[in-house]
Structure formats: structure tokens, C-alpha cells
Amino acid sequence: MEFRMKKAKEPLESDLLKISDVAMLSGYNDVSRFIQYFRKTYGVTPEEYRERKYRSGKSEMVW
């Protein structure tokens, strides 16, 4: 699961893909499960992660 979450972070850094597309690319067929695991792993939802990355303008966030 941790590998898939790390894999999901990169495409979330841009808004080219929908969250559901990122979930599928990361190996999750159930988007709600993806969001749940992402929040458990990083403390924010994928959408919140994307917004923070966009606002910060940094290439890597520290967790």
C-alpha cells in the first residue's frame, strides 16, 4: 500500500488528471478507498494535497 501511495503523489502535483484517474493509475479500483488510504497515510485527502502543492509552488512537501 505504501508504494502505491508514493506512486500517487507525483500525478497529484498537477491538475492534468482527475483524482479518480490517479486512483486507477495507482492500482485502486475504488476511488473512495484510495482517498481513505491517502488520508490515513498523509493526513490530507488527495485534493487537499493537490491544493497545498499548487499553493506552495514547491516540488516536494515535507510530511
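Summarised in this report is the structure supplied together with it. Keep in mind the model is a prediction, meaning the values are calculated, not measured.

## Some details on the packing of helix 1 (residues 2-12) against helix 4 (residues 46-56)
Relative placement of two packed helices is described by the angle separating their axes and the distance separating the axes.
Move 1: As a packed pair, helix 1 and helix 4 sit with axes 10 Å apart at the nearest point and diverge in direction by 50 degrees. When the interaxial angle is binned, helix 1 and helix 4 end up oblique. Between helix 1 and helix 4 lies a crossing of right-handed hand. Each of Lys9, Pro11 and Leu12 in helix 1 lies in contact with helix 4, whose residues at this interface are Pro46, Tyr49 and Arg50.

## Some thoughts on the packing of aromatic side chains
Between two aromatic rings, the relevant description is the distance of the centres plus the angle of the planes.
Move 1: The final tally for this structure, using the stated rule, is five aromatic pairs.
Move 2: Centre to centre, the rings of tyrosine 28 and tyrosine 37 are 5.9 Å apart; their planes meet at 45 degrees, and the pair counts as tilted.
Move 3: Judged by its relative accessible area of 4%, tyrosine 28 falls in the buried class.
Move 4: Judged by relative accessible area, tyrosine 37 falls into the partly exposed class, the value being 25%.
Move 5: Measuring from ring centre to ring centre gives 4.8 Å for phenylalanine 38 and tyrosine 42, while their planes differ by 50 degrees; the resulting arrangement is tilted. Pair noted here: phenylalanine 38 and tyrosine 42 are both in helix 3 (residues 31-42), with a separation of four residues, about one helical turn. For the pair shown, phenylalanine 38 and tyrosine 42 are each scored as buried.
Move 6: A cation sits over an aromatic face here: arginine 4 above tyrosine 28, 4.1 Å from the ring centre.

Cut-offs applied
Residues numbered from 1 in each chain as written. Predicted model: local features only at pLDDT ≥ 70, side-chain atom pairs only at ≥ 80, totals over all residues. Heavy atoms only, no water. Axes fitted to C-alpha atoms, helices over the stretch in contact; angles between N-to-C directions. Helix = DSSP H or I, 4+ residues; strand = E, 2+ residues; numbered from the N terminus. Parallel < 35°, antiparallel > 145°, perpendicular 65-115°, else oblique. Left-handed = near helix turned anticlockwise from the far one by under 90°. Contact = heavy atoms within 4.5 Å. Phe/Tyr/Trp six-rings, centres within 6.5 Å; stacked < 30°, edge-to-face > 60°. Buried < 20%, exposed > 50% of the residue type's maximum accessible area, 1.4 Å probe, protein only. Lys NZ or Arg CZ within 6 Å of the ring centre and 35° of its normal.

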